[in-house]
Structures are given as C-alpha cells and as structure tokens.
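Next come the chains, spelled out residue by residue.
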Amino acid sequence: MTPESTTLAIAYIGLGGNLDRPLDTLASARRMIAGLARVRETAFSSFYRSAPMGPANQPDYINAVMAVETSLPPLALLKAMQRVELSHGRVRNGLRWGPRTLDLDILIYGKLHITDEGLTLPHAGIADREFVLYPLAEIAPTDLEIPGMGRLCDLLIACPRRGLDVVVHG
Ligand code: ROI
C-alpha cells in the first residue's frame, strides 16, 4: 500500500489534561486535530471532570473522546498526536502519572489489535478508566467490539462511574 493510501479507519482519540485551563486546551487540541491532513472529525463527546487516577496531589482532570475518520496509518496518527501535545506545552518530565497540560491517546484504531514498542492498540487502560469509557460510549455504537477486550457496553457495566461529572455537554 502506498503512503497516500486512501484506506479509511475509524479511530477514537482520548483527550485529557489537568494544568493551565484544560477546557480551553482540549478545545484547541480538538480544532487542531480536526484540521490535520487526512483526518476528519466525525464525533466529539461532552467534556468530563474526574479526580486524578494515580497520585492524588494534582488537580482534577478534564477528559473527552473524539472520533475521527483517517487515512493516516496508526504510527503516523500517533506522531501527529504527539505534535499536537507538544504545541500545547506538553513536557515529558519523566513523572509517571504526573499532571499534564494535554494527553492524547489513540484508544482504538479500527479493528487493529497490536502491541508494539511504541504503540499498543487498543489502549491498555480503556477497560478500567471511567473517564475514557463514558465519553466513548456517548459517541460510539454501544455494541462496538473493542479488539481483544469485548463489547463497549459490557466494559461499561463493569466500570463504576465514580465521581465522573459532565462539565460541558457535547
Ligand atoms: N486521571 C484522570 N482522571 N484523567 C486522566 O486523563 C488521567 N490521565 C493520566 C493519569 C495520570 C493516569 N490519571 C488520569 O495519565
């Protein structure tokens, strides 16, 4: 297949952040992603607020999920997401699970199920993260089969909502 291949995949991207006006940051990241070549936004969830998973001594997070149709292959999409993170002041300080201005995760890429040094698809954290599953369920078919993990609706039933709050309705 050539780099300009027109094979289209539906990908779901998780957006999160908890520093420097995260609502504005996520809205700006959304515009930037939607404006990328070979990427088209097809849906965007509400914005949600949740307590941090991991170290508690950091601000609450804002999260959302975006669906795109893309002809970018997975690694090219990942690189594009990393550029969007960097342009929103993302610094990698080596702190695992520390606060961040913007985190963009490819959650699902079509039916792909891969583990690579650089990229695991679907994202390994989907099943136990209410701040991923609930926004995802807003914009994806509830019978969506998440490769290797089962149906979205079954994951949702097994994942309590905890303190997850909608802050801006999509
Ligand atoms: N916690 C919440 N609530 N939302 C996130 O997006 C998030 N992202 C992370 C860690 C630090 C695991 N905790 C989070 O990377």
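Residues numbered from 1 in each chain as written. Predicted model: local features only at pLDDT ≥ 70, side-chain atom pairs only at ≥ 80, totals over all residues. Heavy atoms only, no water.

A. Structural view of the nonpolar core. Among the nonpolar cores identified, the biggest contains 26 residues, and Ile33, Leu77, Met81 and Leu104 are the most heavily contacted of them. Only β1 (9–17), α1 (22–34), β2 (39–44), β4 (61–70), α2 (74–86) and β5 (103–109) provide two or more residues apiece to this core. By residue number, the principal contributor to this core is α2, which donates 5 residues. When residues no more than four places from it in sequence are discounted, the contact partners of Met81 are Ile13, Ile33, Leu36, Leu104 and Ile106. Ranked by size, the runner-up nonpolar core spans 23 residues in total, among them Leu107, Ile126, Leu136 and Leu144. (Core = buried A, V, L, I, M, F, W, Y, C linked by side-chain atoms within 4.5 Å. Buried < 20%, exposed > 50% of the residue type's maximum accessible area, 1.4 Å probe, protein only. Helix = DSSP H or I, 4+ residues; strand = E, 2+ residues; numbered from the N terminus. Contact = heavy atoms within 4.5 Å.)

B. Molecular detail of the packing of aromatic side chains. By the definition in use, this model includes 1 aromatic pair. If you follow Arg30 out to its NZ or CZ, it ends over the ring of Phe44, 4.2 Å from the centre. The positively charged end of Arg96 is found above the aromatic ring belonging to Trp97, 4.8 Å away from the centroid. (Phe/Tyr/Trp six-rings, centres within 6.5 Å; stacked < 30°, edge-to-face > 60°. Lys NZ or Arg CZ within 6 Å of the ring centre and 35° of its normal.)

C. Representation of the state of the cysteines within the structure. If you walk through the whole model with that rule in mind, you get 0 disulfides. Here Cys159 is not disulfide-linked; the sulfur of Cys153 is the nearest cysteine sulfur, at 14 Å. Of the residues examined, Cys159 reaches a relative accessible area of 2% and is grouped as buried. (Disulfide = S-S within 2.5 Å.)

D. Representation of α1. When the terminal C-alpha atoms of α1 are compared, their 18 Å separation across 13 residues agrees well with the 18 Å that a helix rising 1.5 Å per residue should span. All of the buried residues along α1 are Pro22, Thr25, Leu26, Ala29 and Ile33. Mapping the buried residues of α1 onto a view down its axis gives an arc of 95 degrees, with all of them on the same face. Against the buried residues of α1 lie β1, β2, β3 (47–50), β4, α2 and β5. (Expected span 1.5 Å × (residues − 1). Arc of directions from axis to C-beta.)

E. A look at the site of the ligand. The environment of the ligand is made up of Ser50, Ala51, Pro52, Met53, Tyr61, Asn63, Trp97, Arg100, Asp103 and Phe131. A distance of 2.8 Å separates an oxygen atom of the ligand from a polar atom in the side chain of Asn63. Take Arg100: an N or O atom from its side chain is 3.2 Å from an oxygen atom of the ligand. Protein chains shield 96% of the accessible area of the ligand, which is 350 Å² for the free molecule. (Near = heavy atom within 4 Å. Polar contact = N/O pair within 3.5 Å; in protein donor to acceptor, adjacent residues only side chain to side chain. Areas by Shrake-Rupley, 256 points an atom, 1.4 Å probe, with all protein chains shown as cover.)

F. Structural context of the pattern of salt bridges. One pass over the structure, following the stated rule, counts 6 salt bridges. Ionic pairing is found between Asp154 and Arg151, a salt bridge with its closest N-O pair at 3.2 Å. Judged by its relative accessible area of 39%, Asp154 is partly exposed. (Salt bridge = Lys/Arg side-chain N within 4 Å of Asp/Glu carboxyl O.)

G. Quick peek at unusual backbone geometry. Going from Leu121 to Pro122, the amide bond is cis rather than trans, its omega being -10 degrees. Structurally, Pro122 is set in the loop between β7 (120–121) and α3 (130–139). Within the chain, Asp20 stands out as a residue other than glycine whose phi angle is a positive 55 degrees. Mapped onto the elements, Asp20 comes out in the loop between β1 and α1. Residue Asp20 is classed as exposed on the basis of its relative accessible area of 60%. A positive phi is found at Arg21, a non-glycine position, where the angle reads about 55 degrees. Mapped onto the fold, Arg21 is located in the loop between β1 and α1.

H. Representation of the side chain of Ser46 within the structure. Within the secondary structure, Ser46 sits in the loop between β2 and β3. Among the polar contacts made by the side chain of Ser46, one reaches the main-chain amide nitrogen of Gly170 at a distance of 2.9 Å. Apart from the residues lying within four places of it in its own chain, the contact partners of Ser46 are Asn63, Ala64, Glu138, Val166, Val168, His169 and Gly170.

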